[in-house]
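Results of the structural survey
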Amino acid sequence: NNLEALSAASSNPAPSPRRTNISATPERAPTPSARVPRLLMKAANVGARAAWALGRWAEMRDFVDAMEDDDAGKPFYRAVLALRPGAAADPGRAVELVDEARRLLHPAFAALVGESYKRAYG
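Residues numbered from 1 in each chain as written. Predicted model: local features only at pLDDT ≥ 70, side-chain atom pairs only at ≥ 80, totals over all residues. Heavy atoms only, no water.

Take the pattern of salt bridges next. Under the counting rule described, the total for this entry stands at 5 salt bridges. K74 is the salt-bridge partner of D69, the closest N and O atoms lying 2.9 Å from each other. Given a relative accessible area of 6%, K74 falls into the buried group. Note that D99 is salt-bridged to R102, the shortest N-O span being 3.1 Å. Linking D99 with R102, this pair stays in helix α5 (residues 91–121), spanning 3 residues, or about one helical turn. According to the relative accessible area criterion, R102 is exposed, its value standing at 53%. (Salt bridge = Lys/Arg side-chain N within 4 Å of Asp/Glu carboxyl O. Buried < 20%, exposed > 50% of the residue type's maximum accessible area, 1.4 Å probe, protein only. Helix = DSSP H or I, 4+ residues; strand = E, 2+ residues; numbered from the N terminus.)

Shown next, in the form of structure tokens:
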């Protein structure tokens, strides 16, 4: 499938050129193997959006299945799949999945609201 091909292509990245670091404490760039999962998750998210826009539901499901469970996009895209055209719509399941996405996003929004409040009134 599409994600497996992307994974295979990214498992052997081209070597990066050497950088000269002039700071007193050298910065360590993430190793290629540490970057691969993060890049694959971004690719899965972009792939899910593209498949949704194109109405390619089987591919969208593949991309969504490849996402990490703590990614708020995963339950959201599953809600879209629950309501997709040409399938037996399950609005109750879609509402549950949107609520799950909301729960996953809540900590991020709470931090942003708190920061904005401090900036405005602090």
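So, next bit.
On average, residues of the protein chain score 75 in pLDDT, and 68% of them reach the 70 mark or higher. Confidence, expressed as mean pLDDT per element, reaches its minimum in the protein chain at helix α1 (residues 2–10) with 54 and its maximum at helix α3 (residues 57–66) with 94. With pLDDT under 50 throughout, residues 19–26 is counted as low confidence; its partners more than four residues away or in other chains account for 3 contacts. (pLDDT = per-residue confidence, 0-100. Contact = heavy atoms within 4.5 Å.)

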